[in-house]
Amino acid sequence: MDGMQTAVSIINGENECSLLFQAVVNTQKNLIVLLHDNVPILFNKAFLEFTDVRSVKEFLREFGSLVYRFVPHDAYFHAGKADNPDEWTTAILTLPEQDRIVSMINSRAEPYAFSVTLNTPVPGYTIVSFTDISQDLIKRIMIENDVSIDKESGAYNQDYFIHTAKSFQNAAEFNEKSIGITIIELMTSDSEADQYLRDFTSSIKSSIRQSDMLVRWGKKIFMLAYLVDSPENAKQFSLKLLNVMRKEPFESLNTISMRLGTTVQIENEEIMQIIKRAETALRQSGDSQVTIL
């Protein structure tokens with residue numbers, strides 16, 4: 001029996017260490033691979049689900065070497081950046097830690113970015129952990145490209161919110177909260193709206209938490225995303241905004257009529273669907289009124 005067969009036999013055996021190791025890695029959200037002499041011999045549950053395969057044998061038959069799953073883009077590490085692709089783990093370790101990033105595409109053809117951590121606890125064996133940093137990378141790129149903020153209003157840019165919405169949804173799940181969405185429309189001419197955009201944005205930002213996101217959603221429409229316990233709290237929060245926006249030092253906003261539409265996430269509802277319901281609530285609102293769906 002050669003070294004590869006021996007390694008596979010050991011890790012697939014019914015001994016306690018093998019079972020414990022498999023159980024531990026299966027609890028991890030990161031994609032985890034155990035390599036023996038640079039060849040995969042074990043994937044955790046998260047990796048199998050990401051690639052939609054049932055075993056290492058199936059993966060190797062379908063895709064070949066792990067390194068060829070890395071997207072060949074200059075922004076990431078990939079097979080073309082290693083002198084010998086079979087020894088990619090050695091090549092990636094020569095990079096600064098912040099540059100050990102790869103991109104892989106899941107079974108639904110969705111691209112992800114991962115930071116890569118390698119650990120060699122026993123000679124010949126390497127544990128590779130892939131941490132999903134897709135959202136963090138998108139945020140960093142958009143901030144570096146100066147496209148996160150709408151220049152006229154000072155609120156977040158719509159594209160920035162759409163690209164990073166997954167992070168907001170993850171935050172709601174982690175905090176066991178629901179997502180509240182309030183859409184605010186300035187009921188005035190375009191020229192008047194332009195005149196008061198900065199005061200409007202400042203008035204909202206003075207009354208919300210740092211984790212809340214105020215987004216310019218249209219010429220005269222803004223979207224506020226926040227975490228909330230109940231629909232009633234969302235309505236109270238929206239009514240409070242109507243009052244705060246008209247008090248000193250923002251009393252100039254008293255000359256503008258506004259309407260608000262508010263809704264709160266239904267269990268497991270995607271954020272863009274929540275926004276659509278808030279837009280429906282907005283269309284049903286009258287001046288200086290909050291409608292909640």
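The structure displayed is predicted, hence computed values, not measured ones. (Residues numbered from 1 in each chain as written. Predicted model: local features only at pLDDT ≥ 70, side-chain atom pairs only at ≥ 80, totals over all residues. Heavy atoms only, no water.)

Asks: What is the right way to look at the nonpolar core in this model?
Replies: Nonpolar side chains in soluble globular proteins tend to end up buried together. Of all hydrophobic cores here, the largest spans 28 residues; its most connected members are Phe47, Leu66, Phe70, Trp88 and Phe130. Among the secondary structure elements, those contributing two or more residues to this core are strand E1 (31–36), helix H3 (45–51), helix H4 (56–63), helix H5 (88–93), strand E3 (101–105), strand E4 (111–122) and strand E5 (125–132). Here Phe47 is in contact with Leu31, Ile32, Val33, Phe59, Leu66, Met104 and Phe130, once residues within four sequence places are set aside. Counting residues in each nonpolar core, the second largest holds 24 residues, with Leu186, Ile204, Tyr226 and Val264 among its members. (Core = buried A, V, L, I, M, F, W, Y, C linked by side-chain atoms within 4.5 Å. Buried < 20%, exposed > 50% of the residue type's maximum accessible area, 1.4 Å probe, protein only. Helix = DSSP H or I, 4+ residues; strand = E, 2+ residues; numbered from the N terminus. Contact = heavy atoms within 4.5 Å.)

Asks: Explanation requested: the pattern of salt bridges in the structure shown.
Replies: Between side chains of opposite charge, a pair can form when the charged atoms approach closely. Tallied over the entire structure, the rule returns eight salt bridges. Residue Arg277 is joined to Glu269 by a salt bridge in which the shortest nitrogen-to-oxygen separation is 2.9 Å. In terms of burial, Arg277 and Glu269 fall into one category: buried. Connected via shared salt-bridge partners are Asp150, Glu152 and Arg216. (Salt bridge = Lys/Arg side-chain N within 4 Å of Asp/Glu carboxyl O.)

Asks: Please explain unusual backbone geometry as it appears in this structure.
Replies: Its identity as a non-glycine residue notwithstanding, Asp37 has a phi of 50°, on the positive side. Position of Asp37 among the secondary structure elements: in the loop between E1 and strand E2 (39–43). Asp37 sits in the exposed class, given a relative accessible area of 52%.

Asks: Explanation requested: helix H7 (residues 158–174) in the structure shown.
Replies: Structural remark: α-helix, 3.6 residues per turn; residues separated by three or four positions point the same way. When the terminal C-alpha atoms of H7 are compared, their 24 Å separation across 17 residues agrees well with the 24 Å that a helix rising 1.5 Å per residue should span. A maximum bend of about 55° is found in H7 at Thr164. Within the sequence span of H7, burial applies to Tyr160, Phe161, Thr164, Ala165, Ser167, Phe168, Gln169 and Ala172. The opening residue of H7 is Asn157, an N-cap whose side-chain oxygen sits 2.7 Å from the backbone nitrogen of Asp159. Where H7 terminates, the next one or two residues include Glu176, which has phi positive at roughly 55°. (Expected span 1.5 Å × (residues − 1). Bend = angle between axes of the 7 residues up to and from the residue. Polar contact = N/O pair within 3.5 Å; in protein donor to acceptor, adjacent residues only side chain to side chain.)

Asks: Help me understand the side chain of Ser153, please; the structure alone is not making it clear to me.
Replies: Its place among the elements puts Ser153 in the loop between helix H6 (134–144) and H7. Among the residues examined, Ser153 registers a relative accessible area of 1% and is labelled buried. Side-chain polar atoms of Ser153 contact the side chain of Asp150, separated by 2.6 Å. A polar atom in the side chain of Ser153 sits 3.2 Å from the backbone nitrogen of Ala155. Sequence-distant contacts of Ser153, defined by excluding residues within four places in its chain, comprise Leu197, Arg198, Thr201, Arg216 and Phe222.

Asks: What exactly am I supposed to notice about the pairing of E5 here?
Replies: Side-chain positions along a regular strand alternate between the two faces of the sheet. Across six bridges, E1 lies against E5 in antiparallel orientation. Its bridge partner being in E5, Leu31 is matched across the sheet by Phe130. Note: E4 against E5, seven bridges, orientation antiparallel. Among the inter-strand pairings, Val116 is bridged to a residue of E5, identified as Phe130. Linking E4 back to E5 in an antiparallel pair, the connection comprises two residues, with Gly124 at a positive phi of about 95°. (Pairing = 2+ DSSP bridges.)

Asks: Quick question: what am I supposed to make of helix H9 (residues 231–244) here?
Replies: Taking 1.5 Å of rise per residue, 14 residues should cover 20 Å, and H9 covers 20 Å from first to last C-alpha, within 8% of that figure. Residues Ala234, Phe237, Ser238, Leu241 and Leu242 constitute the buried set of H9. The arc that holds every buried residue of H9, seen down its axis, measures 145°, which confines them to one face. (Arc of directions from axis to C-beta.)

Asks: Would you explain the confidence of the model for the chain in this entry?
Replies: Note: predicted coordinates in regions of low pLDDT should not be interpreted at a detailed level. In this model, the chain carries an average pLDDT of 84, and 88% of its residues clear a pLDDT of 70 or more. Between residues 1–10, whose pLDDT stays under 50, and residues either more than four places distant or in other chains, the model counts 13 contacts. (pLDDT = per-residue confidence, 0-100.)

Asks: Sorry if this is basic, but what is going on with the packing of H7 against helix H10 (residues 271–283) here?
Replies: A pair of packed helices is characterised by two quantities: the angle between their axes and the separation of those axes. Two elements in contact, H7 and H10, have axes whose closest approach is 10 Å; the angle formed by their N-to-C orientations is 105°. As far as their axial angle goes, H10 and H7 are roughly perpendicular. Residues Phe161, Ile162, Ala165, Phe168 and Gln169 of H7 form the contact with H10, whose participating residues are Ile271, Met272 and Ile275. Residue composition of the contact of H7 with H10, by class: seven nonpolar, one polar and no charged. (Axes fitted to C-alpha atoms, helices over the stretch in contact; angles between N-to-C directions. Parallel < 35°, antiparallel > 145°, perpendicular 65-115°, else oblique. Nonpolar A, V, L, I, M, F, W, Y, C, P; charged D, E, K, R; others polar.)

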